[in-house]
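Summary of the model geometry
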Amino acid sequence: DEPGTELAVVSLPSYACQRHTPLLHHNTVLIDALSILAENAELSENEGRGVAFRRAGALLKSLPQEIRRVEQLRGQPCLGDHSLRVIKEVLEDGVCCEVETTKESRQFKAMKALTGIFGVGAKTADRWFREGIHTPSDLQRSGHNLNRAQRAGVQYYDDLNQPVRKAEADAIGLIVEKAVSEVLPGAKITLIGGFRRGKETGHDVDFLITHPEEGREEGLMAKVVSWLEAQGFLLYHKTTRNSYLESKDGPARPPSNMDRFERCFSIFRLSTENERRITQTISAQSTLLHSRTEPSPQTNDQAREESSMLSQCSGSRSWMAVRVDMVVSPYSQFAFALLGWTGSKLFERELRRWAVHERAMTLSSHTLYDSTKRQYLRANSEEEIFALLGLEYIPPCGRNA
Ligand code: 8DG
Ligand code: MN
Ligand code: MN
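Along each chain, residue indices are assigned from 1 in the same order as the chain's sequence is written. Numbering of ligands from 1 and lettering of chains from A proceed in the order in which they are written. A pLDDT threshold of at least 70 governs which residues receive local features in this predicted model, and a stricter bar of 80 or more applies before side-chain atom pairs are shown or counted, although totals over entire chains, interfaces and linings include all residues. No hydrogens and no water enter the side-chain calculation; it runs on all heavy atoms of the structure.

1. Brief notes about the coordination of the manganese ion (ligand 3)
Protein-derived coordination of the manganese ion (ligand 3) comes from Asp204 (OD), Asp206 (OD) and Asp325 (OD), at a distance range of 2.1 to 2.2 Å. Sequence spacing of the donors to the manganese ion (ligand 3): D-x1-D-x118-D. Note on donors: an N, O or S atom is included if it sits within 2.8 Å of the metal, or within 3.2 Å for Na, K and Ca, and water is never included, so sites can look incomplete. The distance between the manganese ion (ligand 3) and the manganese ion (ligand 2) comes to 3.6 Å, with Asp204 serving as a donor to both metals. You can see Asp206 sitting in strand E4 (residues 205-210) and its partner Asp325 sitting in strand E7 (residues 319-328), a full 119 residues away along the chain. When a residue's accessible area, from a 1.4 Å probe over protein chains only, is under 20% of the maximum for its type it is buried; when over 50% it is exposed; and in between it is partly exposed. Assessed through its relative accessible area of 8%, Asp206 is described here as buried. Numbering of helices and strands runs from the N terminus, with a helix taken as a DSSP run of H or I at least four residues long and a strand as a DSSP run of E at least two residues long.

This is how it looks when you write it as structure tokens:
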């Protein structure tokens, strides 16, 4: 044995929000195996099982060293019998039978391909799978009626299944910044989601928008979307208005984990030419905000035509479709929205679980409610929210659970 491999690792705290989970870690092979089983559970709508595998994976991501023997994990939380069995098998045999079988299964492959279509969730994909539809092409041939989101999802399938790179996220950031400053001077945008956690690629780009004067942000999303649409930047968008003020069940308890901000799920048309120019502009430390070099307006129909033409003669693409999420928050809720939308999804879930079980508090992307004091707690920064929860501050790069 190499020296050091038998060293017991200090036992880590069990909630992911109590520890740092870096982007780069030491147990990729084990985590990949557990992620397959988590994904399969999620696609089978077995949420509890999915979370168990995700928690086990996140624990391994937090470990400061590579695990060589399962005994090194003795005393660690979050590792159930099933996860330990998988880990042991991978360490001893290089692969885990259950993981390999899952990866190769027709159902798993089909469910992944179908839920890879924007607008298609596990329920719909499962129904289609039972009808013998296994791929997006099967779906197109089936003649099923698709909703607007799903039609866009099929149309831009290839682009949307390419990882979005940081440079592209930055290019879109400048476009959104321009849109926001045009329709409401003084409004601010923040890059959230995976890119804020330091990821170099993502499945989409997420932005949070606010204005320092409370109330000025009302109706902002519709204006931003109109501006973007008029400039030809949007291939698809669905805007949901703020339902926070109308809620009857109290702000700390929105239905499920969905929040009630004004938001927009969209697909951007990012000109690759534009991206190159913008990236150059960023490196030159200047800003696009005052230049007059937007791409010429183009209608959705033109874009669509171009898309189908280009898919026939690939290699000469001048633009790409990119998923973009935008959320607008009132200034007073900004810190909560920032914390709630930075992720990861598991980190968020762990924060809420910690709040309820360890502090008798309810955390949402709007507020923090203290059930013992029966009052809402205000906060102006993420640091303050961690402090109110009795947690050490974990910066975004440590939230990659
Ligand atoms: P990726 O895109 O890089 O693949 O990963 P990500 O950025 O971490 O995932 P995401 O799916 O874009 O979600 C970003 C964060 O936004 C994540 O922590 C969960 C959060 N989020 C949603 N939908 C909602 C919602 O309806 N309410 C709240 N509060 N948060 C949400 O995705
Ligand atoms: Mn994201
Ligand atoms: Mn998103």
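2. Quick look at the site of ligand 1
Taken together, 19 residues lie near ligand 1, and Gly194, His203, Asp204, Asp259 and Lys345 sit nearest. Arg197 is positioned with one of its side-chain polar atoms (N or O) 2.9 Å from an oxygen atom of ligand 1. If ligand 1 stood free it would expose 620 Å²; the protein chains cover 85% of that surface. Those elements giving two or more residues to the shell around ligand 1 turn out to be helix H11 (193-196), helix H15 (334-342) and helix H16 (345-359). Think of it as three bins: nonpolar holds Ala, Val, Leu, Ile, Met, Phe, Trp, Tyr, Cys and Pro, charged holds Asp, Glu, Lys and Arg, and polar takes everything else, Gly as well. When grouped by side-chain class, the residues that make up the shell around ligand 1 number two nonpolar, nine polar and eight charged. Domain start and end points were adopted from an automatic or database domain assignment. Inspection of the shell around ligand 1 shows a minimum of three residues originating in each of domain 3 (164-328) and domain 4 (336-398). Any residue with a heavy atom positioned within 4 Å of a molecule or strand is treated as near that molecule or strand. As used in this structure description, the phrase polar contact means that two N or O atoms lie within 3.5 Å; if the pair is within protein, one of them must be able to donate a hydrogen and the other to accept it, and residues adjacent in sequence are counted only when both atoms belong to side chains. For the area figures, the Shrake-Rupley method with a 1.4 Å probe applies, and any residue is considered shielded solely by the protein chains shown.

3. Focus: the domain arrangement of the protein chain
When its domains are assigned, the protein chain resolves into domain 1 (16-102), domain 2 (106-160), domain 3 (164-328) and domain 4 (336-398). One C-alpha centre belongs to domain 2, the other to domain 4, and the line joining them spans 36 Å.

4. Re the nonpolar core
In this structure, Leu60, Leu73, Val86 and Ile87 are the most contacted members of the largest nonpolar core, which totals 40 residues. Breaking this core down by element, the ones donating at least two residues are helix H1 (28-43), helix H2 (47-62), helix H3 (81-93), helix H5 (106-115) and helix H6 (122-130). Ranked by residues supplied to this core, first place goes to H1 with eight residues. Shared between two domains, this core holds at least three residues of each, these being domain 1 (16-102) and domain 2 (106-160). Residue contacts are defined here by distance: any two heavy atoms, one from each residue, within 4.5 Å place the two residues in contact. Not counting the four nearest positions on each side in its chain, Leu60 is found in contact with Asn27, Leu30, Ile31, Leu34, Leu73 and Ile87. Residues enter a nonpolar core if they are buried and are Ala, Val, Leu, Ile, Met, Phe, Trp, Tyr or Cys, with the set joined through side-chain atoms within 4.5 Å. With 30 residues, the next largest nonpolar core counts Ala179, Leu220, Cys264 and Val328 among its residues.

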